[in-house]
Amino acid sequence: MKAIGLTRYLPINDPLSLVDVEIAQPVATGRDLLVKVEAIAVNPVDTKVRAPKEKVEDAPRVLGWDAAGTVVAVGPDVTLFKVGDPVFYAGSITRPGTNSEFHLVDERIVGHKPASLDFSQAAALPLTAITAWEALFDRLGVSPKGEDAGRSVLIIGGAGGVGSIGIQLAKVLAGLTVIATASRPESEAWCRRLGADHTIDHRGDIPAQLRALGFENVDYILCFNDTDRHFNAMADAIAPQGKICSIVENARELPVGLLKSKSATFVWEFMFTRAMFGTPDMIAQHRLLNEVARLIDAGRVQTTVGENLGTINAANLRRAHALLEGGQTIGKLVLSGF
Ligand SMILES: NC(=O)c1ccc[n+]([C@@H]2O[C@H](COP(=O)([O-])OP(=O)(O)OC[C@H]3O[C@@H](n4cnc5c(N)ncnc54)[C@H](OP(=O)(O)O)[C@@H]3O)[C@@H](O)[C@H]2O)c1
């Protein structure tokens, strides 16, 4: 089968950083689905895993953690899906990625594809929707039933892939007042279109901009970009007993002591945790993806595609990685068809 892989970890302007390869088609066992991949999305995790280093792989390593496609075979223990089902999912960081014609994934982290979306529109969603959902509802403990409606959330990095779905879940399911950050007119307009009540600039003084809008502090903060840069501002802006969730690894030590006097919570979200450790509640991702599909089909949430870069091949994927590394993409980049 066709796949895009790497054996060396090179800068993205090197044509060998991602190459077209032929590899053997895998076979479904246990609770795995074999999926014919119709569309994929790219995420910053792809570029982080691909980042230049000395290591050399013996066999091509396939990246990519977002796909939409059709189930073509099932392992003997599969109970949630059957051959022919259209699906969307992110997969596991500990297994080969989705940048191949056929792909194996555990059924417990797969959702039924929204019927109202085509494959490329659906592929935009899984990784970011799982992240935003878990951050908001599992880590911050916000009620998805609207019991916290009217409370405030600051979403740092509003126009990115995670922010684009995070804004919608915070508005539509939780009923929160959403302040999203965006630094350019086009990313600001995108955040407002997805439902943000206010926008402020993450390149400026965040607490001062919040105060200017009338928010002395905010009840929740979702940090979807540059935890190192924004930590002190978050400690300043969070309400007493408020909660902060970050999804972005820190490079420096974080001054968590700043949160002590406010009894504020800081919590991490990593959307691969459940699959990586095979947690007993791993099936929660199957359920939440189905719920996202239901919200999409009901017209309450929209896909977050920013741009379709065309056929799934090495040249187009290199272009996608280069754009992501630029840090200014709006919504999701998707590719479709091999
Ligand atoms: N822990 C997890 O499970 C998990 C899951 C998904 C993603 N992540 C991580 O979360 C981060 C965001 O992912 P993503 O897919 O949303 O990224 P993305 O789509 O590449 O984000 C692009 C957006 O980032 C904004 N941005 C750039 N610099 C910023 C800054 N200093 N502060 C705030 N926003 C900034 C830009 O907005 P403007 O153009 O308006 O500046 C742009 O719209 C990445 O580091 C990714 O690896 C973690």
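Before reading further, recall that the structure is shown in the block above.
Cut-offs used in this document
- Residues numbered from 1 in each chain as written.
- Predicted model: local features only at pLDDT ≥ 70, side-chain atom pairs only at ≥ 80, totals over all residues.
- Heavy atoms only, no water.
- Core = buried A, V, L, I, M, F, W, Y, C linked by side-chain atoms within 4.5 Å.
- Buried < 20%, exposed > 50% of the residue type's maximum accessible area, 1.4 Å probe, protein only.
- Helix = DSSP H or I, 4+ residues; strand = E, 2+ residues; numbered from the N terminus.
- Domains from an automatic or database assignment.
- Contact = heavy atoms within 4.5 Å.
- Expected span 1.5 Å × (residues − 1).
- Salt bridge = Lys/Arg side-chain N within 4 Å of Asp/Glu carboxyl O.

Some details on the nonpolar core
At step 1: Residues Leu136, Leu169 and Leu222 are the most contacted members of the largest nonpolar core, which totals 87 residues.
At step 2: The leading source of residues in this core is helix 3 (residues 126–139), at eight residues.
At step 3: Here this core gathers at least three residues from each of two domains, domain 1 (2–125 + 273–336) and domain 2 (129–268).
At step 4: Beyond its immediate chain neighbours, meaning those up to four positions away, Leu222 contacts Ala135, Leu136, Leu140, Val153, Leu154, Ile155, Ile156 and Cys245.
At step 5: Phe215, Val218, Ile238 and Leu254 belong to the second largest nonpolar core, which has 20 residues in total.

Quick word on helix 4 (residues 161–172)
At step 1: Compared with the 16 Å implied by 1.5 Å per residue over twelve residues, the 17 Å span of helix 4 between its first and last C-alpha is a close match.
At step 2: Among the twelve residues that make up helix 4, ten are buried, leaving the element largely enclosed by the rest of the structure.
At step 3: As for helix 4, its buried residues are in contact with helix 3, strand 9 (152–156), strand 10 (177–181), helix 5 (185–193), helix 9 (284–297) and strand 16 (332–336).

Quick notes on the pattern of salt bridges
At step 1: Within this structure, the stated rule accounts for 19 salt bridges.
At step 2: For the salt bridge of Asp106 with Arg108, the shortest nitrogen-to-oxygen distance reads 2.8 Å.
At step 3: In this structure, the salt-bridge partner of Asp281 is Arg274, at a minimum N-O distance of 3.0 Å.
At step 4: Judged by its relative accessible area of 36%, Asp281 falls in the partly exposed class.
At step 5: Each of Glu134, Asp138, Arg139, Glu269, Arg274 and Asp281 takes part in a single network of salt bridges with overlapping partners.

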